[in-house]
Amino acid sequence: MIKEKANAALTFEDFKVEVLKDYTIAIISRECSLLGRKEVLTGKAKFGIFGDGKEVPQLAMAKAFQNGDFRSGYYRDQTFMMAIGELNIQQFFAGLYGHTDIVQEPMSAGRQMGGHFATHSLNDDGSWKNLTQQKNSSADISPTAGQMPRLLGLAQASKIYRQVKGIPNAANFSNEGNEIAWGTIGNASTSEGLFFETINAAGVLQVPMVMSVWDDEYGISVHARHQTTKENISEILKGYQKDEDTNGYEILNVKGWDYAELIATYEKAAKIARENHIPVLIHVDELTQPQGHSSSGSHERYKDGNRLAWEKEFDCVRQMRLWMIAINIASPEELDKVDAQAKKDVMEGKKAAWNAFLEPIIAEQKELISILQNIVINSPSKEAILKYIADLVAIKAPIKKEILITARKILRLISSESGKNELSSWISNYTHKTQKNFSSNLFSETKNNVFSVEKVLPQYESDAKEDTDGRMILRDNFDAIFTKYPETLIFGEDAGAIGDVNQGLEGMQEKYGELRVADVGIREATILGQGIGLALRGLRPIAEIQYLDYLLYAIQIMSDDLATLQYRTLGKQKAPLIIRTRGHRLEGIWHSGSPMGMIINAIRGIHVLVPRNMTQAAGFYNSLLKCDEPALVIECLNGYRLKEKMPLNYGEFKTPIGVVETLKEGSDITLVSYGSTLRLVQQAANELMDMGIDCEIIDLQSLLPFDKNQDIVKSIAKTNRLLIIDEDVPGGASAFILQQIIEQQDAYHYLDSKPQTLTAKEHRPAYGTDGDYFSKPSAEDIYEKIYAMMNEVNPSKYPSLY
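Residues numbered from 1 in each chain as written. Predicted model: local features only at pLDDT ≥ 70, side-chain atom pairs only at ≥ 80, totals over all residues. Heavy atoms only, no water.

**Here's the deal with the overall build of the chain**
Of regular secondary structure, the chain possesses 26 helices and 22 strands. A compact globule built from 802 residues would reach a C-alpha radius of gyration of about 28 Å, and the chain, at 30 Å, matches this within 12%. Its C-alpha atoms put the chain at 100 × 85 × 45 Å along the principal axes. Counting every position in the chain, which comprises 802 residues, the buried fraction comes to 59%. The contacts in the chain between residues at least 6 apart in sequence include a share of 79% that link residues at least 24 apart. On the chain, roughly 32100 Å² of surface is accessible, and the fraction owed to carbon and sulfur atoms is 50%. Between the centroid of the 87 positive side chains of the chain and the centroid of its 106 negative side chains there is a distance of 5 Å. (Helix = DSSP H or I, 4+ residues; strand = E, 2+ residues; numbered from the N terminus. Rg over C-alpha atoms; globule rule 2.2 N^0.38 Å. Buried < 20%, exposed > 50% of the residue type's maximum accessible area, 1.4 Å probe, protein only. Contact = heavy atoms within 4.5 Å. Areas by Shrake-Rupley, 256 points an atom, 1.4 Å probe, with all protein chains shown as cover. Lys, Arg positive; Asp, Glu negative; His and termini not counted. Charge placed at Lys NZ, Arg CZ, Asp CG, Glu CD.)

What follows is the structure, given as structure tokens:
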């Protein structure tokens, strides 16, 4: 049996109280898991994935977890959340039922399945809470190991707050950098590349991170021998062990059923990480999973009798109970009473959650039935409507979908009857009210969203000439930003010592230090993760991905984590990360891509900004630092050496987001494009003037959000023709642009010709200048496409070229 490791400062009676409290939490959590599975199997809940078998190590982790600390975890951490006081029984079941009330279900307001946890970092107006006065959990995601990249940034924030002075409101986010970022993961998920990338980066950066691996020998049904070399993650990570003169980790091993040893291990890990900013990995093995992976299957299908018997014997809650009896903390009878009370409390909490979930829906059901009963009196469709009413009344536990389906089907029956208006109005109001529960907060809904920023024009000397390299405008604007906002920092491959590959950060590291302008390794996913974690803790990071093509390494983190953050927390967390990259035309398959269609459809929830020059780009950075939303800024690769006017008001001028700019007015056709391609569009338009074709050129400036003032349709109303020029593949970003213009802006009303697109070829650009010319739209392609459209209008004036 485990020997007692009670804190010497506690009396034995105090110790007993503390241990009994922990045991009670463990039993409550276990009963929630057992009853939760039954709720899924009876159909009240859709799916369940529970933390049974992991209760005791999570109690130990919770004891070492302090105010200001952050968790970035795994969907089995319910016991931990209960132990830190951020999850109760009723909330647990509200999550299982998908309750859309944020008060009842504070983790995600029903937007995530149960087992996905979060705390609230923001007040109702979107302003920050004091994060040092609460225990914090970043919002979970389901993709395995997806929690790892953000963990790195959460830990790095403590290092920044400890070593960078002058950060405004730092005391609301950190107590001099003493906070730990606590990560949790299942043993099988350590096979993911994101795990190894994060482990390596944290070892390099030496950040206060404690990483727990809950090891129950399986990944769903697949044994560890198919998952991990040597079937042991701490064994294969021994090379990361920190020596006296090297960076690295402290690596600790502990049995998951050994309560006292777990407490001691987590205390040791916390001390190392908190005081010395050394990362720690705790391999918690010999854990069990009493109900299998999830409610979708039974573990008896893949575990043999010996394993099942061992799991029963070494269940961590059972072992804790035996230990408590052995050292006279409680008698079996006393613990039986605890168990019985826990069962009762869980059952009552479950009932309260179900009633809270169901009662407002039943009220809506009754409201509709009352309306229908009035309508049916004089309806020729009486018999059919009565059948619908009877079917609706018969549903004892309705969901909103069933209520709305009934109303919409009856509306079809009475479309020409007197009761139609009342029912139609009810459906519209109900849909509008209910849809918010499922669709709000994709983007910020606070007063600090991107639309709150007023345009500020660059100011120039009266005789200013276009004689300044674009990269110098970026550099000097970054200089102004870093001076004005001490909470800003930038990091990326080659961003530091050489001032980025295009020297837009030239001299910035020397001036502002290696923590604020930092080189990092070749690891795009965790560059993004650093940014997310830092932003979650009140800093304003700019994460640099060297080329747009390499954004694909990080697209999963952007899509699954950053883009969904405000949505999946109902606006209770935010990470206003700026992602800086460069793309479009250069040379070769992997340095000239424009996969914009992929990007804009994968990262809804992040703004996508596509400046045509560096003054525009600098203005976007200035605007974004006044907002509370994440954004991707794509600078033009071939624009750094092009000449622009030098602004006088660096750090102050602001490019409006979601607003297009008309670069040239015209009367014959509207040309819509963005980024590098605009220069070719302008060249072609100038040449077409010689043929009497007058083009109007619109620069989109941003793809998300898209033309919020609907200026494009105003142009089309004048020209009656539309061509979209894009260097993405056919059907890529051009399809999105066309959909927005035709469907959202109703531009089809004004078109006299078929709207058309001109895009790159389906393959990626081949190497060299000729590869670019024959792969992407050229000025000649644009000229001839526009000319052909005008030939269709007036073939005698514009005879066919081919």
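Now that the structure has been shown, we can carry on.
**Topic: empty space enclosed by the protein**
Enumeration according to the criterion identifies five cavities of 30 Å³ or more in this entry. Computed from the structure, the largest cavity encloses a volume of approximately 80 Å³. Taken together, 15 residues line the largest cavity, and the ones lying closest to its centre are Phe92, Gly95, Gly114, Gly115 and Phe117. Tallied by class, the residues present in the lining of the largest cavity amount to seven nonpolar, seven polar and one charged. In this structure, the second largest cavity spans a volume of roughly 50 Å³. Forming the boundary of the second largest cavity are Gly73, Tyr74, Tyr75, Ile141, Ser142, Pro143, Thr144, Ala145, Gln147, Ile185 and Ser189. Across the lining of the second largest cavity, the residue classes tally to six nonpolar, five polar and no charged. (1 Å grid on protein atoms, 1.4 Å probe; cavity = no way out; pocket = protein on both sides within 12 Å on 5 of 7 lines; lining within 4 Å. Points joined across faces, edges and corners; volume = space filled by probe spheres on them. Nonpolar A, V, L, I, M, F, W, Y, C, P; charged D, E, K, R; others polar.)

**As for the packing of aromatic side chains**
Applying the stated criterion across every chain yields a total of 31 aromatic pairs. Centre to centre, the rings of tyrosine 161 and phenylalanine 173 are 6.3 Å apart; their planes meet at 10 degrees, and the pair counts as stacked. Placement of the pair is tyrosine 161 in helix α5 (residues 148-163) and phenylalanine 173 in the loop between α5 and β3 (181-186), with a sequence separation of twelve residues. On the accessibility criterion, tyrosine 161 (7% relative accessible area) is buried. Judged by its relative accessible area of 6%, phenylalanine 173 falls in the buried class. Both rings, one in tyrosine 773 and one in phenylalanine 774, keep their centres 5.2 Å apart while their planes meet at 75 degrees; by these two values the pair is edge-to-face. (Phe/Tyr/Trp six-rings, centres within 6.5 Å; stacked < 30°, edge-to-face > 60°.)

**Topic: the sheet that holds strand β22 (residues 756-758)**
In space, the five strands of this open sheet follow the order β17-β19-β18-β21-β22, with mixed pairing throughout. Only two strands of the sheet have a single partner each, and these edge strands are β17 (661-664) and β22. Strand-to-strand twist of the sheet, defined as the mean angle between neighbouring strand axes without regard to direction, takes the value 25 degrees. Bridge count between strand β21 (residues 722-725) and β22: three bridges; the pairing is parallel. By the bridge assignment, leucine 723 is partnered in β22 with glutamine 756. Lying over the sheet, helix α26 (residues 779-793) contacts β18 (669-673), β19 (695-699), β21 and β22, oriented at roughly 165 degrees with respect to β22. (Pairing = 2+ DSSP bridges. Axes fitted to C-alpha atoms, helices over the stretch in contact; angles between N-to-C directions.)

**Quick notes on the pairing of strand β4 (residues 209-214)**
Across the six residues of β4, six count as buried, placing the element largely inside the fold. Here β4 shows no split at all, with Met209, Met211 and Val213 on one side and Val210, Ser212 and Trp214 on the other all buried. Here six bridges tie β3 to β4, and the two strands are oriented parallel to one another. Its bridge partner being in β4, glycine 183 is matched across the sheet by methionine 211. Sheet topology note: the β4/strand β8 (residues 280-285) ladder contains five bridges and is parallel. Note that in β8 the partner of valine 210 across the bridge is valine 280.

**Structural notes on the layout of surface pockets**
Considered as a void within the structure, the largest pocket measures approximately 820 Å³ in volume. Residue lining of the largest pocket: 34 residues in total, with Tyr97, Gly98, Phe357, Ile399 and Phe438 positioned closest to the centre. In terms of residue count, the dominant contributor to the lining of the largest pocket is helix α14 (residues 420-439) (six residues). One number sums up the size of the second largest pocket: a volume of about 640 Å³. Forming the walls of the second largest pocket are 27 residues, and the residues nearest its centre are Arg612, Asn613, Thr615, Gln616 and Glu661. When contributions to the lining of the second largest pocket are tallied by element, the ones reaching two or more residues are α21 (614-624), β16 (643-644), β17 and α22 (677-689). Classifying every residue of the lining of the second largest pocket gives eleven nonpolar, seven polar and nine charged.

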